[in-house]
Amino acid sequence: MATATIAAVVILMNFIVIASAADVPKLEIFPSQKVQRKAVGQAMILTCRPNVPSPNLVADLQWKDNMNNTILPKPHQIYQPVYDSKGHRIRENTGRNPPMFTEYMTGTESLALIINHLSVEMEGKYYCTASYATNEILETSVTVKTYVGITWTNAPENQNPILGEDYVVRCEVKADPNPTIDWLRDGDQIRTGEKYVVETNGLLIRNVQESDDGIYTCRAAVLETGELVERTIRVEVYSRPAITYLPTTLEATEGKPFSANCTATGKPVPEIFWIKDATQQNVATADRFQVNPLTGVLNINSVTQDDYGTYTCIAKNDAGVVDQKTKLNVLITPSIHFLYNVTGDSQKEIALTCRAKGRPAPEITFSRWGSDDEYAAGVQVDDERITLEQHFDEEKGESSGTLRIARAQRSDDGLYQCKARNTGGTAYATGHITVQFPPDFSHMKDLPPVFSWEERKVNLTCLAMSIPNATIEWRWNGKPLKDLNDKNLQIVGTGPRSDLIVHPVARQYYSVYKCVATNILGTSQIDIQLKEARVPEPVPAAEPKQLTATSITFDIRSPPVEFGMPITAFTVQYKEAINPDWSTAMNRSWSPDSPYIVEGLKPQTMYHFRFAARNQVGLGMWGVNTQQSTPKRSAPEEPKPLHSPVQNDIEEPVVVSPYSDHFELRWSVPADNGEPIDFYQVKYCPGVKMAGTWHELENQCQSVEVADSTSYEMSRLAGNTYYRIELRAHNIIGFSSPASVIMKTTRDNPYPNGVASTDHSISRLTIIAMVVICLFNSRSILNGQLNRLVAVW
């Protein structure tokens, strides 16, 4: 009982003490830490709030600085606009806040101390004071400590070392207390070693290489304040410029444009200048000169003799400068001043001479117009009749060339190009050699006779080849036509072309007419025959070559024809055998070079056929008369794949797919043999062929039915693999015989995206190799091995 009483008394006393402490008036500063650490240059705010039973009894709440001076409130400023209503500045905005001031916080009884820019001089103890109930002074304090934050003084974010040299990646920093510096690259810390040395002012990289390009991190830390700041520095390695191409001498041609190239390497890409040494002028600023500073190409619009001299090519970038010299020689382009056309007789000598000027004295050659083959100096190897003579006079800068042709022929007639060439360029001129020869009709000897029928007018043309042109005379039955005055024989032109227009109103005009051509070198003549044309003879034979239930393909033998009157078409009439009337027969015509197919026939029906040939005159008489019965309805004919195989296999051709994983099979519609085709069956199996025998991987065969289409795309195929494809057409009666195709896919990429596959499938080459081993070891185990390979595949 006594113990319980004592405990109750103790609890009551503690409650009284706590209650009394809560009623003690005091001031509280927020943040509540007694020591506030802030970096120099930062802003800060401290608030002082009375914690008293009666806040209305608090008076004279104020802040005192580290010199015990009262900190005044922020002075009141009268607003004055900086801009007028039109947006024009009318005064400078000179309003500034004092370094520190006090300000009551809205909605609270707290007094804030605001420091806009903390300096080292502001470090110290700050007091908050107030009076309470007129006679009690309240006071509390907070200590402000400053430190200098990390500041980069010499740490450019982009730095460029020179290839092959040592370089210090600069990173200088200041802070108080002093910071520690370390370096990172790609997240890994860099330590001093053979390649890198961490120094106080930066990171030393020995023998800089292109591999040193990258992002480096300079990390500064102040252990006392816990401040950690990183500086990202991009390091790009530069290389000094080097001139890689500039000939020691250059040759330009007077009066012509000129281009020279000075190529340089370096990083960054160097800028290239051309300087003419005699005047020390940058030629990019001169007339007629253009310089591309990136490629180093120098262009001169029109070269003059004054452009001769030594030039310096300068390549410059941020890593350095390099130069190299070259000499420019100016050449004189050849010019041809003598070349005349010549004329000579066949079987006699003809000479064509060409003269030119230039420096150095140009070489003169000839070529036939339109040919790049030039005649060589001296006697020609392939034609000893032709000789090229050349003469040079270097002192005068003149040369000449003469092309001599002994025993000239008609083929020597034509244009010849003279080419005068030196190092400055090439001049061209064209001359003509005319070879005179007597009239010639050799081009007309193989022409067919001229035909006419039904008194149609016809033109007999005579063209004589000769130089000079020949005159032409027409003769008939040994007499000149011009003396006959026959209105049915009209002559147009007297040479070298002449046309005889014949109106054959009587059979006597179907005859031979003689064309006689004459020039100063001789006479020639040719006979031109006019014949009466007739329709073709009857077709001698037409045999059925291929039968289906609804079509017949014939093999037609053509009747004999005259030279110049070809067969233009074959025609067939056909009717059912039970129909005696040919007037109701059906007709079909073919060109001579097309297959002779009659389609749309009835199955199991006897037909009569008769054939005739047609030429320009008309349709000949009906010839061979044959009868043929169509077969009964049956399965369709074998479809024909529309692919062109290549003979890259010694046993049989192979169709090559342009893809590794799919192939589109296409085919033509076969004869349906009386019943419509309802679908096609496509079966394809991978496999290999060894010693002429095809071995299919039966477990991998695919079979599909295709309706309303003559194509099918096989997908999800294996690359670099042979497939045997069978195609059959189907109608209500059954399947056609299969059409077989061997197809090979192209090789696919074994490592997509450059990464080796993790799939555990066996490659096709492995399969083929194992099949070969099976074939040579034991044919009896072939199927079992293949099935196991397929299961793994």
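Residues numbered from 1 in each chain as written. Predicted model: local features only at pLDDT ≥ 70, side-chain atom pairs only at ≥ 80, totals over all residues. Heavy atoms only, no water.

- As annotated in an unreviewed UniProt entry, the protein chain is Fasciclin-2 from Musca domestica.
- Recorded under Subcellular location (unreviewed entry), the UniProt text for the protein chain is reproduced unchanged: "Membrane". (UniProt positions renumbered as here; feature names shortened; annotations may be inferred.)

## Quick notes on the side chain of N488
Next up, step 1: Considering the arrangement of structural elements, one finds N488 in the loop between β41 (479-480) and β42 (489-492).
Next up, step 2: One polar contact links N488 to Y509, side chain to side chain, over a distance of 3.0 Å.
Next up, step 3: In contact with N488, other than residues within four places in its own chain, are I501, V502, H503, V505 and Y509. (Helix = DSSP H or I, 4+ residues; strand = E, 2+ residues; numbered from the N terminus. Polar contact = N/O pair within 3.5 Å; in protein donor to acceptor, adjacent residues only side chain to side chain. Contact = heavy atoms within 4.5 Å.)

## Quick word on the sheet that holds strand β15 (residues 196-199)
Next up, step 1: The strand order β11-β16-β15 describes an open sheet built from 3 strands, whose pairing is antiparallel. Of all the strands in the sheet, just β11 (167-170) and β15 have a single pairing partner and so form its edges. Here the average twist between neighbouring strands, direction ignored, is 25°.
Next up, step 2: Both β15 and strand β16 (residues 202-205) contribute to a ladder of 4 bridges, which runs antiparallel. Note on β16: the bridge partner recorded for V197 is L204. (Pairing = 2+ DSSP bridges. Axes fitted to C-alpha atoms, helices over the stretch in contact; angles between N-to-C directions.)

## Description of the nonpolar core
Generally speaking, a soluble globular protein has its nonpolar side chains buried in company with each other.
Next up, step 1: Counting 23 residues, the largest nonpolar core has W474, V502 and Y513 as the members making the most contacts within it.
Next up, step 2: Within the residue set of this core, elements represented by two or more residues are β38 (458-463), β40 (471-476), β43 (497-502), β44 (512-519) and β45 (522-532).
Next up, step 3: Those residues in contact with V502 that lie beyond four places of it in its chain are R456, K457, V458, L460, N488, L489, Y509, Y513 and L530. (Core = buried A, V, L, I, M, F, W, Y, C linked by side-chain atoms within 4.5 Å. Buried < 20%, exposed > 50% of the residue type's maximum accessible area, 1.4 Å probe, protein only.)

## Re the environment of K479
Next up, step 1: Here K479 lies in strand β41.
Next up, step 2: Every residue in contact with K479, bar those within four places of it in the chain, is listed here: W474 and L484.

## A closer look at the packing of aromatic side chains
Next up, step 1: Taken as a whole and assessed by the stated rule, the structure comprises 11 aromatic pairs.
Next up, step 2: Ring centres of W476 and Y509 lie 5.8 Å apart, and the angle between their planes is 20°; on these two criteria the pair is classed as stacked. Residue W476 is located in strand β40, and its partner Y509 is located in the loop between β43 and β44; the two are separated by 33 residues in the primary sequence. The same class applies to W476 and to Y509, which are both buried.
Next up, step 3: Grouped by ring-pair contacts, the aromatic residues F554, Y574, Y607, F609 and F611 constitute a single cluster.
Next up, step 4: Its guanidinium or amino end placed over the ring of F735, R728 lies 4.2 Å from that ring's centre, counting from NZ or CZ. (Phe/Tyr/Trp six-rings, centres within 6.5 Å; stacked < 30°, edge-to-face > 60°. Lys NZ or Arg CZ within 6 Å of the ring centre and 35° of its normal.)

## Focus on the layout of surface pockets
Next up, step 1: Estimates place the volume of the second largest pocket at around 340 Å³.
Next up, step 2: Lining the second largest pocket are 15 residues, with Q546, T548, E637, P670 and A671 positioned closest to its centre.
Next up, step 3: Counted by class, the lining of the second largest pocket contains 4 nonpolar, 7 polar and 4 charged residues. (1 Å grid on protein atoms, 1.4 Å probe; cavity = no way out; pocket = protein on both sides within 12 Å on 5 of 7 lines; lining within 4 Å. Points joined across faces, edges and corners; volume = space filled by probe spheres on them. Nonpolar A, V, L, I, M, F, W, Y, C, P; charged D, E, K, R; others polar.)

## Points about the environment of L298
Next up, step 1: Considering the arrangement of structural elements, one finds L298 in strand β26 (residues 297-300).
Next up, step 2: Sequence separation between L298 and N261 is 37 residues; the distance between their C-alpha atoms is 6.2 Å.
Next up, step 3: Once you skip the residues sitting within four places of it in the chain, L298 turns out to touch F258, S259, A260, W274, V283, F289, Q290 and V291.

## Section: unusual backbone geometry
Next up, step 1: At the junction of F30 and P31, the peptide bond is cis and its omega measures out at 0° in the coordinates.
Next up, step 2: The amide bond that connects K267 to the next residue, P268, takes the cis arrangement and shows omega of -5°.
Next up, step 3: Within the secondary structure, P268 sits in the loop between β22 (263-267) and β23 (271-276).
Next up, step 4: One non-glycine residue with positive phi stands out, namely R407, at about 50°.
Next up, step 5: Turning to its location among the elements, R407 is positioned in the loop between β34 (398-405) and β35 (414-422).

## A look at the pairing of strand β4 (residues 58-64)
Next up, step 1: In the sheet, β4 pairs with strand β8 (residues 124-132) via 5 bridges, with the strands oriented antiparallel. Looking at β8, one finds that K64 is bridged to Y127.
Next up, step 2: Direction of pairing for β4 relative to strand β5 (residues 70-71): antiparallel, over a ladder of 2 bridges. Looking at the pairing, K64 lines up with T70 of β5.

## Re the state of the cysteines
Next up, step 1: As enumerated under the stated definition, the model contains 6 disulfides in all.
Next up, step 2: In this model, C354 is linked to C418 through a disulfide, with the two sulfur atoms separated by 2.0 Å. Torsion about the S-S bond of the C354 and C418 cystine: about -80°, corresponding to left-handed handedness. Here C354, found in strand β30 (residues 350-359), pairs with C418, found in strand β35; they are 64 residues apart in sequence, far enough to count as distant.
Next up, step 3: The exposure class assigned to C418 is buried, which follows from its relative accessible area of 0%.
Next up, step 4: The disulfide partner of C685 is C701, and the gap between their sulfur atoms is 2.0 Å. (Disulfide = S-S within 2.5 Å.)

## Thoughts on the environment of C354
Next up, step 1: Exposure remark for C354: the relative accessible area of 0% places this residue in the buried category.
Next up, step 2: Sequence spacing of C354 and F366 is 12 residues, and the spatial spacing of their C-alpha atoms is 9.0 Å.

## Observations concerning the sheet that holds strand β25 (residues 289-291)
Strand pairing in a sheet takes place through backbone hydrogen bonds and is either antiparallel or parallel in direction.
Next up, step 1: Ordered in space as β21-β26-β25, the 3 strands form an open sheet in which the pairing is antiparallel. Where the open sheet ends on each side, the last strands, each with one partner, are β21 (258-261) and β25. The mean angle between the axes of side-by-side strands here comes to 15°, regardless of whether they run parallel or antiparallel.
Next up, step 2: Two elements, β21 and β26, share 4 bridges in a ladder whose sense is antiparallel. Along β26, the bridge assignment pairs A260 with L298.

## A closer look at the pattern of salt bridges
Next up, step 1: One pass over the full model with this rule turns up 29 salt bridges.
Next up, step 2: In this structure, K514 engages D527 in a salt bridge whose closest nitrogen and oxygen atoms are separated by 2.7 Å. Of this pair, K514 sits in strand β44 while D527 sits in strand β45, and the two are 13 residues apart along the sequence.
Next up, step 3: Classification of K514 by relative accessible area gives partly exposed; the value is 25%.
Next up, step 4: According to the relative accessible area criterion, D527 is partly exposed, its value standing at 47%.
Next up, step 5: Through salt bridges with shared partners, one network takes in K26, E28 and R49. (Salt bridge = Lys/Arg side-chain N within 4 Å of Asp/Glu carboxyl O.)

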